[in-house]
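Secondary and tertiary structure notes
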Amino acid sequence: MFYQLTIMAHGDCVKQLGRAAVTDRVLCAASRSEEQCQTDSGGPLVVRSSDGSYFLAGIFSVGMICSNSDNIGVFTNISVVRDWLTDAMLW
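In this numbering scheme, every chain counts its residues from 1 along its sequence in written order. With the structure being a predicted model, the display of local features is reserved for residues of pLDDT at least 70 and the display and counting of side-chain atom pairs for 80 or more, all residues being used for whole-chain, interface and lining totals. Hydrogens are left out, water is left out, and the side-chain values use all remaining heavy atoms of the structure.

1. With respect to the state of the cysteines
Rules: Count a disulfide wherever a pair of cysteine sulfur atoms falls within 2.5 Å. Counting from the N terminus, the helices are DSSP H or I runs at least four residues long and the strands are E runs at least two residues long. Think of it in three bands: residues with accessible area under 20% of the maximum for their type are buried, residues over 50% are exposed, and the middle band is partly exposed, with areas taken using a 1.4 Å probe on protein chains only.
Under the counting rule described, the total for this entry stands at 1 disulfide. One disulfide in the model links C13 with C28; its S-S distance is 1.8 Å. Because the torsion about its S-S bond is -50°, the bridge between C13 and C28 counts as left-handed. Here C13, found in helix 1 (residues 10-17), pairs with C28, found in strand 2 (residues 26-31); they are 15 residues apart in sequence, far enough to count as distant. The pair C13 / C28 is uniform in exposure class, with both members buried.

2. A look at the nonpolar core
For the record, the criterion: Here, nonpolar core means buried Ala, Val, Leu, Ile, Met, Phe, Trp, Tyr and Cys residues that are tied together by side-chain atoms lying within 4.5 Å of each other. By the convention used here, residues are in contact when the closest approach between their heavy atoms is within 4.5 Å.
Counting 7 residues, the largest nonpolar core is built from M8, C13, V22, V26, C28, I72 and V74. The set of elements that each furnish at least two residues to this core consists of strand 2 and strand 5 (71-77). Among residues more than four places away in sequence, those in contact with V22 are H10, C13, V14, L17 and C28. Judged by nonpolar contacts, the second largest core, of 6 residues, contains L27, A29, A57 and F75.

3. Quick notes on the pairing of strand 2
Consecutive side chains of a regular strand alternate in pointing toward one face of the sheet and then the other. The following threshold applies: At least two bridges found by DSSP between two strands is the condition for calling them paired.
Taking burial as the measure, the 6 residues of strand 2 include 5 buried ones, the bulk of the element. Bridge analysis of strand 1 (residues 6-7) against strand 2 gives 2 bridges, and the strand direction is antiparallel. Of the residues in strand 2, the one forming a bridge with I7 is A29. In this structure, strand 2 lies alongside strand 5, joined through 6 bridges in antiparallel fashion. Each residue of the ladder has a partner; that of L27, found in strand 5, is F75.

4. Describing the environment of I59
Position of I59 among the secondary structure elements: in strand 4 (residues 54-63). By relative accessible area, I59 is classed as partly exposed at 29%. Each C-alpha atom, one on I59 and one on L45, is 5.8 Å from the other, the two residues being 14 residues apart in sequence. Those residues in contact with I59 that lie beyond four places of it in its chain are G42, G43, V74, F75, T76 and I78.

Keep in mind that these numbers describe shape and distance, not what the molecule does.
What follows is the structure, given as structure tokens:
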């Protein structure tokens, strides 16, 4: 399933979810009309670049209750863990 999400500013996510839930290794995305569910864990957050190509920005970690209309999803921020992922994949 595909969701249209808006990536939130890190500070806004911290304000809504708290510093314990929002570390520097995550990014948050929200949707007013659709939501992520707990069963979506591991799913991709893909962003379209200005040239029309797509890149993996995050991996879904946790979300609020599925029926919430102002749902926030927490994603692993790929740009922060890219080096670790690359090293792990090359082994």
